[in-house]
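Understanding the architecture of this molecule
What follows is the residue order along each chain.
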Amino acid sequence: MYAVGYDWRQDNRTSGRAVAERIGEILRGHGAERYFLVSHSMGGLVTRAMLKQDAGIAAKAMGVVHIAQPALGATVFYRRMFTGARKGLDGGFGIRNILGTSRTSFQTILSALPGPMQLMVTPAYRDSEQQPWLSITPFETAVRSPVEVGWGTYLEPDSPPGLLAAAGSRYALPPALAQDMRDRVGDATSFHDWLGDYKHPKTWSIYGHGLETDMAVGFDVPPVDHRELRMMPSYGGPGGGAAPPTYTAERSDGKRFVYTDPNPADRGLVPVRREDGDGTVPAPSAQALFPGQDHAVEEHTTDYEQKRQFQVSGKAAEHDKICHHPDSERCLFDIMRHVLGGPTQ
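Let me begin by describing the structure that accompanies this report. (Residues numbered from 1 in each chain as written. Predicted model: local features only at pLDDT ≥ 70, side-chain atom pairs only at ≥ 80, totals over all residues. Heavy atoms only, no water.)

Tyr78, Met81, Met120, Trp133, Tyr154, Leu163 and Phe219 are the most contacted members of the largest nonpolar core, which totals 43 residues. Breaking this core down by element, the ones donating at least two residues are α2 (43–53), α4 (75–83), α6 (103–110), β3 (134–137), α8 (175–195) and β6 (212–220). Element by element, the count of residues in this core is highest for α8, at six residues. For tryptophan 133, the contacting residues outside a window of four places in its chain are Thr75, Tyr78, Val121, Tyr125, Val149, Tyr154, Met215, Ala216 and Val217. Val65, Ile67, Phe310 and Leu332 belong to the second-largest nonpolar core, a separate cluster that totals 15 residues. (Core = buried A, V, L, I, M, F, W, Y, C linked by side-chain atoms within 4.5 Å. Buried < 20%, exposed > 50% of the residue type's maximum accessible area, 1.4 Å probe, protein only. Helix = DSSP H or I, 4+ residues; strand = E, 2+ residues; numbered from the N terminus. Contact = heavy atoms within 4.5 Å.)

Okay, here's the thing in structure tokens:
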């Protein structure tokens, strides 16, 4: 058994070529002709890219199991484009600071990373209720409008739904970085248009369910006209100093908002989280290779020619732990026995 790493910063096609080269080296070193492949998370995109672009290495694969693959992207990445990595939602102190804890820092980092940008939500994604995953409610109309997201949506001049704040505005990236972000969206578009729903003929999938996961995103956009805002009384800040001003505004539907910043970086973003994923990848994305298949793991009794996708649940189904979930391990070893011709029933 070998673990094969890759540079997650690079385009997944580039990483796929590097993984193919390493697998070739391993096979030659053992005088072997066949291999069995297991991927986790973004590794699923990397290995699918590898198998699609290298017919020789694909022909040697006896079987492929993708675990927790964000096949249609992850809404958490769109959310972080406005909020940065948030305490309590996006890992510990170290990982949050690597990703960037503000809108501008997160976008600045991602502008140089083609691989992670290919985790953006694809046009094929729908939330767990089969609805558009993005909606915007302007303060002025108080009418919620679902957005049918295409790749061009991310580049729209209005933000939201576009990712980039207008040039010269408070949260705008420098022009060169803004162009880098546009290029990264272009990379993601090219990658997913090319990869499509490709999977190796001998593919199986395991995904997590039952943990609160970013499923969709809504925006209650603040008022454009700041005359809608009313300043609240200030009662002093920490240590007796002056507190920053706080504002309220009431929308025409009666909903009241409180702002410490009349132009917040997150533009009024409201994450929609449901217990239908592994905490990072929403189930509708992880299920995309085999729509409608959500089989329970039944060791030694499964017809693996018909059943190709399996759901595991519970705390151990968390994205970073799912490979060690007892049901994941049972399912994986059973699939391997099936591929190798051993008893599974």
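Now that the structure has been shown, we can carry on.
A separate point is the packing of aromatic side chains. Tallied over the entire structure, the rule returns ten aromatic pairs. Aromatic side chains phenylalanine 257 and tyrosine 259 sit 6.2 Å apart centroid to centroid with 15° between the ring planes, which places their arrangement in the stacked category. The residues phenylalanine 257 and tyrosine 259 share a single accessibility class, namely buried. In this structure an aromatic cluster arises from ring pairing among Tyr78, Phe82, Trp133, Trp151, Tyr154 and Phe219. Just above the ring of phenylalanine 77 sits the side chain of arginine 80; from NZ or CZ to the centre is 5.6 Å. If you follow lysine 199 out to its NZ or CZ, it ends over the ring of phenylalanine 290, 4.9 Å from the centre. (Phe/Tyr/Trp six-rings, centres within 6.5 Å; stacked < 30°, edge-to-face > 60°. Lys NZ or Arg CZ within 6 Å of the ring centre and 35° of its normal.)

Moving on, we get to the pairing of β3. Along β3, one buried face is formed by Leu134 and Ile136 and the opposite face, lined by Ser135 and Thr137, is buried too. Pairing geometry for β3 and strand β4 (residues 145–147), over three bridges, is antiparallel. Counted as the bridge partner of leucine 134 is valine 147 from β4. As paired elements, β3 and β6 share four bridges and run parallel to each other. When the sheet's bridge partners are listed, leucine 134 is paired in β6 with valine 217. (Pairing = 2+ DSSP bridges.)

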